[in-house]
Amino acid sequence: QLQALTQASARLSASLTQDEVLSALMEALGDVMAYDTAALWLREGNVLRLVAAQGFADHEQRVGLEVRLEDSRLFQAMREQGQPILVADIRQDERFPSFLEPERLCWLGLPLLVQADFIGVLALEKAEAGYYSSEDVQVGATFASQAALELAKARLLEDSQRRAVELDQRSERLALLYNLSNELGASLDAAHILSLTLQRLKDALGADVAAVLTWEEGRATLTLVAPPGEMRLPQPLPVIPLFERLQETRGIYIVGDIHREAEVIDLTRAWPALAMMHSLIMVPLASAQVMQGWVGLAYAQEHRFAAPELELARTICNQAAVALQNARLFAETHALKEDLERRVALRTAELRQ
């Protein structure tokens with residue numbers, strides 16, 4: 001057993017990811033301890049989830065089962081006391097259901113602890129009552145301690161890698177927003193602003209097709225689509241109740257399955273490419289109290305929108321809405337200036353006459 005523990009420790013230490021540790025743990029367990037069934041539970045908050053099992057006729061189906069800590073007196077006791085629990089004959093223990101005829105009588109629960117932090121349980125069963133001895137419990141506890149340490153190290157490594165990826169993604173999003181802000185700020189052409197926003201947002205969120213729908217005087221117009229098709233644009237759209245609701249809520253509109261949403265059917269008639277898609281998100285182009293339209297992004301496959309995606313989409317559209325407002329104010333000011341110059345020129349000509 002000591003030799004098996006040493007070899008098991010080496011195999012566990014050589015594993016990097018949690019999946020690798022779990023695989024090595026279950027493979028090495030049989031060399032260290034005899035068992036008929038083995039179940040490894042890992043804690044997630046107040047829930048223990050079964051992540052690996054062996055010896056059960058349906059062990060693959062069991063993986064993923066969850067038990068709340070307060071629903072298991074055995075798990076609660078191991079969490080509070082931090083000690084293994086050996087039940088020589090479960091028929092004599094009230095913590096096990098008495099209405100079932102057990103196939104395996106001896107049960108051994110080994111808590112997984114990292115610096116007194118309870119992270120899970122390794123549960124073993126044998127058919128024979130009283131099978132495990134105090135020496136077996138000690139060996140099992142040693143194995144569980146090593147396994148808990150390696151699982152914790154794997155979790156830390158994966159968390160570190162995930163944070164690094166998230167940091168890279170955040171840096172990319174910030175760079176995108178910075179560059180887009182500069183590009184939008186350098187333009188006072190509304191058409192260019194809309195085209196630039198559509199393409200950047202489509203690329204950033206990996207949409208298959210995208211469109212800009214502008215909103216003026218209570219009517220929606222299909223202004224741009226990407227990739228461009230043969231349809232003539234801009235194309236005024238019929239009165240669609242969906243736009244009235246979106247104009248009032250001014251929120252992001254998400255459709256998991258386009259073909260199950262009746263209020264999207266009218267939109268698919270006006271935007272034919274949308275009929276071939278599965279998921280849709282519409283992000284408002286709104287600044288202050290002015291609703292200027294929406295950017296629609298659609299996906300051929302089911303797409304679940306993560307919070308960072310929604311945040312990025314809303315930020316880009318907010319930037320675009322401000323740029324559009326500035327462009328329109330500039331156009332109005334320029335028109336007023338030209339009108340004033342024209343009037344001054346006419347008045348000057350009249351005075352000279």
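This one's a predicted model, so the numbers in the text were calculated from it and none came from an experiment. Starting afresh in each chain, residues are numbered from 1 along the sequence in its written order. Local features in this predicted model are restricted to residues whose pLDDT is 70 or higher, and side-chain atom pairs enter the listing and the counts only when it is 80 or higher, whereas totals over whole chains, interfaces and linings include all residues. Each side-chain value is worked out from all heavy atoms of the structure, with water and hydrogens disregarded.

Student: Outline the environment of R200, supporting the account with residue identities and numerical values.
Tutor: Only DSSP runs of H or I reaching four residues or more are called helices, and only runs of E reaching two or more are called strands; each is numbered from the N terminus. Residue placement: R200 occurs in helix 6 (residues 190-205). Taking relative accessible area as the criterion, R200 reaches 25% and is therefore assigned partly exposed. Taking the C-alpha atoms as reference points, R200 and G256, separated by 56 residues in sequence, lie 22 Å from one another. Throughout, a contact is declared for two residues whenever any of their heavy atoms are within 4.5 Å. When neighbours within four sequence positions are excluded, R200 is seen to be in contact with L176, L180 and E183. Only protein chains enter the accessibility calculation, which uses a 1.4 Å probe; a residue whose area is less than 20% of its type maximum is buried, one above 50% is exposed, and one in between is partly exposed.

Student: Describe the environment of R73, with residues and values.
Tutor: Position of R73 relative to the elements: it lies in helix 4 (residues 73-81). Through-space distance from the C-alpha of R73 to that of F96 is 9.4 Å; in sequence the pair is 23 residues apart. Setting aside its immediate chain neighbours within four residues, R73 contacts E94 and R95. Here a polar contact means two N or O atoms within 3.5 Å. Within protein one must be a hydrogen donor candidate and the other an acceptor candidate, and residues neighboring in sequence count only if both atoms are side-chain atoms. Separated by 3.1 Å, the side chains of R73 and E94 make a polar contact.

Student: Just give me the short version of helix 9 (residues 307-352), but keep the residues and values in it.
Tutor: With 46 residues, helix 9 should cover 68 Å at 1.5 Å per step; its first-to-last C-alpha distance of 67 Å lies within 8% of that length. Listed as buried for helix 9 are L312, A313, I316, C317, A320, A321, A323, L324 and A327. Take the number of residues in a helix, subtract one, and multiply by 1.5 Å to get its expected span.

Student: Give a description of the layout of surface pockets that names residues and reports values.
Tutor: Quantified by volume, the largest pocket comes out at close to 980 Å³. Lining the largest pocket are 30 residues, with I90, F96, P97, W107 and E125 positioned closest to its centre. The set of elements that each furnish at least two residues to the lining of the largest pocket consists of strand 1 (37-44), strand 3 (66-68), helix 4 and strand 6 (117-126). Of the residues contributing to the lining of the largest pocket, the split by class is 16 nonpolar, three polar and 11 charged. Points on a 1 Å grid, built from protein atoms alone, make a cavity when a 1.4 Å probe fits but cannot get out and make a pocket when they are open with protein on both sides within 12 Å along at least 5 of 7 lines; residues with an atom within 4 Å of a point are the lining residues. Grid points are joined across faces, edges and corners, and a volume is the space filled by probe spheres set on the points. Just so you know the grouping, Ala, Val, Leu, Ile, Met, Phe, Trp, Tyr, Cys and Pro go in nonpolar, Asp, Glu, Lys and Arg go in charged, and all remaining residues, Gly too, go in polar.

Student: Describe the pattern of salt bridges, listing the residues and the values that go with them.
Tutor: The rule for a salt bridge is simple: a side-chain nitrogen of Lys or Arg has to be within 4 Å of a carboxyl oxygen of Asp or Glu. Scanning the model with the defined rule gives 18 salt bridges in all. In this structure, R43 engages D117 in a salt bridge whose closest nitrogen and oxygen atoms are separated by 3.7 Å. Here R43 is found in strand 1, whereas its partner D117 is found in strand 6, with 74 residues between them in sequence. With relative accessibility at 40%, the residue D117 sits in the partly exposed group. The residue R104 makes a salt bridge to E103 at a minimum N-O spacing of 3.3 Å. A relative accessible area of 19% means that R104 is categorised as buried. On the basis of relative accessible area, E103 is assigned to the exposed category, the value being 65%.

Student: Before we move on, can you summarise the side chain of R104 with the specific residues and values?
Tutor: Looking at where R104 falls in the secondary structure, it is placed in the loop between strand 4 (85-87) and strand 5 (106-114). Within the structure, R104 has its side chain in polar contact with the side chain of E103 (distance 3.3 Å). A distance of 3.0 Å separates polar atoms of two side chains, one belonging to R104 and the other to E125. Not counting chain neighbours up to four residues away, the residues in contact with R104 comprise D36, T37, F56, I90, E125, K126 and A127.

Student: Go over the side chain of D89 with me, naming the residues and quoting the values.
Tutor: Here D89 is to be found in the loop between strand 4 and strand 5. Contact partners of D89, with chain neighbours within four places excluded, come to L105 and A129.

Student: Can you break down the packing of aromatic side chains residue by residue, with the values?
Tutor: Here is the rule: rings of Phe, Tyr and Trp (six-membered ring for Trp) pair when centre to centre is within 6.5 Å. Planes less than 30 degrees apart are stacked, more than 60 are edge-to-face, and the remainder are tilted. Counted under the stated rule, the structure contains six aromatic pairs. Judged by centre distance (5.6 Å) and plane angle (75 degrees), the rings of W215 and W294 are edge-to-face. Of this pair, W215 sits in strand 7 (residues 209-216) while W294 is found in strand 12 (residues 290-299), placing the two residues 79 residues apart along the sequence. Residue class for W294 comes out buried when judged on its relative accessible area of 0%. Aromatic rings pair up to connect W215, F243 and W294 into one cluster. Stacked on the ring of Y131, the Lys or Arg K126 has its end atom at 4.6 Å from the ring centre. The rule for a charge over a ring is simple: NZ of Lys or CZ of Arg within 6 Å of the ring centre, and within 35 degrees of the ring normal.

Read these as geometric descriptors, not functional statements.
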